[in-house]
Amino acid sequence: MTEDLVGQVVGTEDSTPLQFNVALREGAYLQLDDVVVTLREVPGIGPVMTSGVVTQVRARHEGASFGSDVFLISDGVLPAQVQEIAEVSTTRVEPEVYVPPRPGEVVRRAHGTERAQALYFDRMDSKVPVGRGRDGAPIFVNLDFLDGTRGAHVSISGISGVATKTSFALFLLHSIFRSGALGPRAVNAKALVFSVKGEDLLFLDQPNRRLDDDLLAEYAQLGLPAEPFASVGFYAPPMPDDLTGRPNVTGRTSGVEAFWWTIAEFCAQVLLPYVFADAEDERNQYTIVIHQVAARLRLDAVAYGDDGAVRIDDEVVTTYEGLVDVITERLTDEVTRQAWAGPVTGVGTINAFVRRMRSSVRPLRSLIRGDLGGAARKRVSTQDQQLTVVDLHNLQERAQRFVVGVVLAAETARKEAAGPGGLLFTMIDELNKYAPREGSSPIKEVLLDIAERGRSLGIILIGAQQTASEVERRIVSNSAIRVVGRLDPAEAGRTEYGFLPAQQRTRATLAKPGAMFVSQPEIPVPLAIEFPFPAWATRLAECAAPPRAPAAANGHSPNADVFRRLPDVDDDDIPPF
């Protein structure tokens, strides 16, 4: 249509099959990220359509030689005219005859089918909406690069608190589950989310009270319901020094289950290496002691009672501190030292292990115990709900590493045994803490295993980090979808962001919350998107009503803590916390 005509290919600058420039006609405009098309008749082939995305726009006075000429031109003394030139990066040539657009060819703004062709949306059998482009129309990613068919894994980078990495990851999960792209597979698709920043993710099953007609329209435009997550399970560590097994949360008093590991499970499942999950630990000589002690615990510890305690020789162990005492005794006793530490291990190496073991008592004593009984569910599991949230914010960093490592290893083993029939999306924030570029650790090995062969198991990693340059290269390079929010200027110059054109790197340092750049294999240019505000509550104050326990399949609440006996709270009497 005539109103879509924006200009013509310029003849004063070189045009190539991969990049060309457009002189805008009077009254027309192009902005960054607009999609345009132009046609060229090629003898013997016919019309060749070249599509592209605007990556830069310049405006200048033609006829001016000096900066001060602008005043003469404004006064009408010097003849000149304003000309805008848009730089276009080619995204698609159809048919694939790579000839440059010729000067003078008409360029028009792409809509509908032409826009879909330019961005390869027409070739996507299953599209997942991730937001709206600068033109207000939906932007999609190909599910084939999310579900392991042709690729897998997502890497999200940006400044903490500004880049909205977690919000985008949750919106992506909502879109995957509710867009219909998965089809019948949505029934068996699950997500595991580790939460390390407050209790914000404990309300994902509650509608956001800020949901209005405009937000409903934004979701409708993307083909998504503006609803909270329907099937969610919440887990949190137990209260320290509390024998009732209550979850250590304050904002939500129902629907959250406590998790921990018994002393018997710790010994039988060889979980000791995850106590030493810092990246530098594998470079120390006491690594051999770790594995030797873990093997002795598996062989010598015998289950005792119904609460998860163990008996080692004649000693009954009911607490993690007691277990550390037993290990220390065996390593410092001349008679048992060789069997527990190895025949050639020096005293200095043993002492280094004991010091590190002792320092783990405080962060882990509430997670590894044999003094809690009567709880129906104490293991983190993704089997009974679509979305599983594991709250870690009340744990020290060492305990967070332990939980992430053990849960990931268990879910990976369970998924491998079950086969690739379903999908498990695993969302981890601060990925650089668990899989740093340097060093090695049990957690890093699990994450590398997921990154390198997870797509064949149906395990998809969604990793978020402030700095992709500090994450293990093999994890980032195996991510088919890369997303960038607001970046620190120094970080934006790193080679890990080489997929961003120079202009987009600069724009990433200015991006506002909710604006992201999405790169996927089929489209040669990353696309700028804006995703809508969450339809689910992200904090207690945003809940439309007081949160209640999610219903189980039998219609009864799975929560077994004492808070279920409290009376209901009226909507107008919400506690001010």
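Residues numbered from 1 in each chain as written. Predicted model: local features only at pLDDT ≥ 70, side-chain atom pairs only at ≥ 80, totals over all residues. Heavy atoms only, no water.

Q: Would you mind showing me how to read the pattern of salt bridges here?
A: Working definition: two side chains of opposite charge can pair if their charged atoms are close together. Scanning all chains against the criterion turns up 39 salt bridges. The salt bridge involving Asp-34 is made with Arg-109; its shortest N-O contact spans 2.8 Å. Here the residue Asp-34 occupies a position in the loop between strand 2 (19-24) and strand 3 (35-42), and Arg-109 occupies one in strand 6 (residues 106-109), the gap between them amounting to 75 residues. One network of salt bridges, with partners in common, ties together Arg-92, Glu-94, Asp-122 and Arg-123. (Salt bridge = Lys/Arg side-chain N within 4 Å of Asp/Glu carboxyl O. Helix = DSSP H or I, 4+ residues; strand = E, 2+ residues; numbered from the N terminus.)

Q: Please clarify how the environment of Leu-170 should be interpreted in this entry.
A: For Leu-170, the position within the fold is in helix 3 (residues 165-178). The buried category is assigned to Leu-170, whose relative accessible area is 2%. Distance in space between the C-alpha atoms of Leu-170 and Ala-191 is 9.9 Å, their sequence separation being 21 residues. Excluding its chain neighbours within four sequence positions, the residues that come into contact with Leu-170 are Leu-201, Leu-204, Phe-229, Met-427 and Trp-536. (Buried < 20%, exposed > 50% of the residue type's maximum accessible area, 1.4 Å probe, protein only. Contact = heavy atoms within 4.5 Å.)

Q: I would appreciate a short explanation of the sheet that holds strand 4 (residues 46-62) in the present structure.
A: Pairing between the strands of a sheet comes from backbone hydrogen bonds, and it takes one of two forms, parallel or antiparallel. If you walk around this closed barrel you meet the six strands as 1-2-5-4-3-6, and the pairing is antiparallel. Pairs of neighbouring strands in the sheet enclose a mean axial angle of 40°, with direction left out of account. In this sheet, strand 4 lies alongside strand 3 in antiparallel orientation, the contact comprising eight bridges. Residue pairing in the sheet places Thr-38 in a bridge with Thr-50 of strand 4. (Pairing = 2+ DSSP bridges. Axes fitted to C-alpha atoms, helices over the stretch in contact; angles between N-to-C directions.)

Q: Got a minute to help me understand the sheet that holds strand 14 (residues 309-312) in this structure?
A: Read from one edge to the other, the open sheet built from three strands follows the order 13-14-15, with strand pairing classed as antiparallel. The open sheet has two free edges, formed respectively by strand 13 (301-304) and strand 15 (315-317), since each of these has just one partner strand. Taken pair by pair, the neighbouring strands of this sheet meet at an average axis angle of 35°, ignoring direction. Sheet topology note: the strand 13/strand 14 ladder contains four bridges and is antiparallel. What sits directly across from Tyr-304, in strand 14, is Ala-309.

Q: Is there a simple way to explain the packing of aromatic side chains in this structure?
A: The relative placement of two aromatic rings is captured by the distance of their centres and the angle of their planes. For the structure shown, the criterion picks out 11 aromatic pairs. Measuring from ring centre to ring centre gives 6.1 Å for Phe-171 and Tyr-219, while their planes differ by 65°; the resulting arrangement is edge-to-face. One end of the pair, Phe-171, is in helix 3; the other, Tyr-219, is in helix 4 (residues 213-221), and 48 residues separate them in sequence. The residues Phe-171 and Tyr-219 share a single accessibility class, namely buried. Between Phe-276 and Phe-353, the ring centres sit 5.2 Å apart and the planes meet at 20°, which makes this aromatic pair stacked. (Phe/Tyr/Trp six-rings, centres within 6.5 Å; stacked < 30°, edge-to-face > 60°.)

Q: Would you take a moment to explain the domain arrangement of the protein chain for this structure?
A: Interface size is often expressed as the accessible area that is lost when the parts come together. Splitting the protein chain by domain gives domain 1 (2-118), domain 2 (137-257 + 379-573) and domain 3 (261-371). Each of domain 1 and domain 3 has a C-alpha centre, and these two points are 69 Å apart. (Domains from an automatic or database assignment.)

Q: Whenever I open this one, the pairing of strand 6 confuses me. Can you help?
A: On a regular strand, each side chain points to the face opposite its neighbour's, so the side chains alternate between the two faces of the sheet. Along strand 6, the buried face is formed by Val-107 and Arg-109; none of Val-106 and Arg-108, which line the opposite face, is buried. Here strand 1 (residues 5-9) runs beside strand 6; their pairing, made up of three bridges, is antiparallel. In the sheet register, Gln-8 faces strand 6, and the bridge partner there is Val-106. Bridge analysis of strand 3 against strand 6 gives three bridges, and the strand direction is antiparallel. The partner of Val-36 across the bridge, within strand 6, is Arg-109.

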